[in-house]
Amino acid sequence: MKTTVVAVINQKGGTGKTTTTINLGSSLSKLGKKVLLVDLDPQSNLSYSLDVASPDATLAEALLGTKSIADIIVEKDGLYIAPGSNELVDVEISLVSQPEREKFLKSLLSQLKGFDYVLIDCPPSLSVLTLNALTAAQEVLIPLQMEVLTLQGLDQIMNTVNKVKKAFNPKLKIKGIVVVMFDIRRKLSQEVLEYLRENVKEKIFDSQIRLNVKLAEAPSFGRSILDYDSSSNGAKDYKALAEEFLKA
Ligand SMILES: Nc1ncnc2c1ncn2[C@@H]1O[C@H](COP(=O)(O)OP(=O)(O)O)[C@@H](O)[C@H]1O
Ligand SMILES: [Mg+2]
């Protein structure tokens, strides 16, 4: 079975990376796919949002080589999660001085079998951790808010992806851009989206993720939106995205 590894990136914080990783992952798993979520952000919002934060067996230990990747994976509501922790900051520091420092995550993931999709929730920076995600991945997914500075941000992401492609991962592909926190009533959002459609050659998913307060609430209950409120607009939007994602 072929595993597709997808890095969810955007170098800005608060742009819907973690929300998209969790809820796209959960939607894919409800569609029958076996999905692993990797929490690569030292802030470990993903692990807290799914209530699987654990101090002693996290991705940090696996990357440092003191635990195997299989030992740190936990299951929750049918989803598999490699929890992160603040120790990833130490990992980052220790990796910087190592040879082939960009390949550690790739080598860990290659030990796993049976997953259809691995979604990596990246930190909001171009750190050595993000470099590891982009080296391990076959595909990149970019959650994007429709703001004026979105376009400049997108340019920077494309530059980063192109550099990693050249240096470490020639087959890396942009799977597409996901419009998140979309406010249909706001004229600016519509205008930015139109501009993107006309000027960006990458795929922009038709399924947009609307602003929905339930998506912001779900983490306090340790659940994905599908398990927290399956009839919310947030759940509908991520389900539609997952179906489109599988066809893309
Ligand atoms: N579609 C949405 N509607 C409402 N709130 C959202 C939506 N997507 C994300 N949020 C909220 O916005 C904040 C930032 O999202 P998050 O996914 O944590 O971004 P990142 O991981 O890029 O920092 C979080 O509080 C999250 O709950
Ligand atoms: Mg995040």
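Sequence order sets the numbering: in each chain, residues are counted from 1 along the sequence as written. Numbering of ligands from 1 and lettering of chains from A proceed in the order in which they are written. This being a predicted model, a pLDDT of at least 70 is required before a residue's local features are given, and a value of 80 or more before pairs of side-chain atoms are given or counted; all residues contribute to the totals for chains, interfaces and linings.

Visitor: Please clarify how helix α5 (residues 88-96) should be interpreted in this entry.
Guide: Helical geometry note: an α-helix holds 3.6 residues per turn, so side chains three or four residues apart project in the same direction. Every buried residue of α5 is listed here: Leu-88, Val-91, Glu-92 and Leu-95. Down the axis of α5, the sector holding all buried residues measures 100 degrees, keeping them to one side. A pair of residues counts as a contact when their C-beta atoms, built from backbone coordinates, are separated by no more than 7 Å. Under the DSSP-based scheme used, a helix requires at least four consecutive residues in state H or I and a strand at least two consecutive residues in state E, with every element numbered from the N terminus. Looking at the buried side of α5, the elements it contacts are α3 (59-64), α6 (104-109) and α7 (128-136). Exposure classification rests on a simple neighbour count of other C-beta atoms within 10 Å of a residue's own: a residue reaching 20 or more is buried, one at 12 or fewer is exposed, and one in between is partly exposed. C-beta atoms are placed from the backbone. Here the arc refers to the set of directions running from the helix axis out to each C-beta atom.

Visitor: Honestly, the site of ligand 1 in this entry has me stumped. Any pointers?
Guide: By definition, a residue lies near a molecule or strand when the C-beta atom built from its backbone is within 6 Å of it. In the vicinity of ligand 1 there are 17 residues, among which Thr-15, Lys-17, Thr-18, Thr-19 and Ala-216 approach most closely. Of all the secondary-structure elements, those providing two or more residues to the shell around ligand 1 are α1 (17-30) and α10 (213-217). The element that contributes the greatest number of residues to the shell around ligand 1 is α1, accounting for three residues. Among the residues making up the shell around ligand 1, the classes are represented as seven nonpolar, nine polar and one charged. For this classification, the nonpolar set comprises Ala, Val, Leu, Ile, Met, Phe, Trp, Tyr, Cys and Pro, the charged set comprises Asp, Glu, Lys and Arg, and every other residue, Gly included, is treated as polar.

Visitor: What is the right way to look at unusual backbone geometry in this model?
Guide: Excluding glycine, most residues fall at negative phi; most peptide bonds, likewise, are trans. Phi angles above zero are rare outside glycine, and Ser-44 is one such case at about 40 degrees. By C-beta crowding, Ser-44 is classed as buried, having 24 other C-beta atoms within 10 Å. Its identity as a non-glycine residue notwithstanding, Glu-100 has a phi of 50 degrees, on the positive side. On the secondary structure map, Glu-100 appears in the loop between α5 and α6.

Visitor: Explain the environment of Ser-54 to me, please; I cannot follow it from the model alone.
Guide: The residue Ser-54 is located in the loop between α2 (45-49) and α3 in this model. Taking the C-alpha atoms as reference points, Ser-54 and Ser-85, separated by 31 residues in sequence, lie 7.7 Å from one another.

Visitor: Would you mind going over the pairing of strand β6 (residues 139-144) with me for this structure?
Guide: Every regular strand shows the same layout, with side chains that alternate between the two sheet faces. Most of β6 is tucked away, with five of its six residues classed as buried. One bridge is not enough; two strands pair if DSSP finds at least two bridges between them. Across three bridges, strand β1 (residues 4-8) lies against β6 in parallel orientation. Each bridged residue has a counterpart across the sheet, and for Ala-7 the counterpart in β6 is Val-140. The pairing of β6 with strand β7 (residues 173-179) spans six bridges and is classified as parallel. Its bridge partner being in β7, Val-140 is matched across the sheet by Ile-174. Call a crossover right-handed when, viewed with both strands pointing away from you, the route from the first strand across the helix to the second goes clockwise. You can see the chain leave β6, run along helix α8 (residues 150-167) and come back into β7, and the turn it takes is right-handed.

Visitor: Just to check I follow, could you spell out the nonpolar core for this structure?
Guide: It is characteristic of soluble globular proteins that their nonpolar side chains tend to be buried jointly. For this analysis, nonpolar core means a set of buried Ala, Val, Leu, Ile, Met, Phe, Trp, Tyr and Cys residues linked through C-beta atoms within 7 Å. Formed by 69 residues in total, the largest nonpolar core has its most connected members in Ala-7, Leu-119, Ile-120 and Ala-133. Once residues lying within four places of it in the same chain are set aside, the contact partners of Ile-120 are Val-5, Val-6, Ala-7, Val-8, Val-38, Leu-40, Ala-133, Ala-136 and Ala-137.

Visitor: Even after reading the chapter, I still don't get the packing of α1 against helix α12 (residues 233-247), so can you show me in this structure?
Guide: In a pair of packed helices, the angle between the axes and the distance between the axes together describe the arrangement. The angle between two axes is taken between their N-to-C directions and runs from 0 to 180 degrees, where each axis is a line fitted to C-alpha atoms and a helix contributes only its stretch in contact. Look at α1 against α12: their axes get within 8 Å of each other, and the N-to-C directions meet at 70 degrees. What the angle tells us is that α1 and α12 run roughly perpendicular. Crossing handedness for the pair α1 and α12: right-handed. In this structure, α1 contributes Asn-23, Leu-24, Ser-27 and Leu-28 to the contact, and α12 contributes Tyr-238, Lys-239, Leu-241, Ala-242 and Phe-245. To sort the angles, those under 35 degrees are grouped as roughly parallel, those over 145 as roughly antiparallel, those from 65 to 115 as roughly perpendicular, and the leftovers as oblique. With the far helix as reference, a near helix turned anticlockwise by less than a right angle produces a left-handed crossing, and one turned clockwise produces a right-handed crossing.

Visitor: Which parts of the structure should I look at to understand the environment of Tyr-80?
Guide: Take Tyr-80: it is sitting in strand β4 (residues 79-82). For Tyr-80, a count of 19 C-beta atoms within 10 Å translates into the label partly exposed. The spatial distance from the C-alpha of Tyr-80 to the C-alpha of Ser-26 is 9.6 Å, given a sequence separation of 54 residues. Dropping the residues within four chain positions of it, Tyr-80 is found in contact with Val-35, Leu-36, Ile-73 and Glu-75.

Visitor: Help me understand α7, please; the structure alone is not making it clear to me.
Guide: By the criterion of burial, α7 is predominantly enclosed, with eight of the nine residues buried. Listing the buried residues of α7 in full gives Leu-129, Thr-130, Leu-131, Asn-132, Ala-133, Leu-134, Thr-135 and Ala-136.

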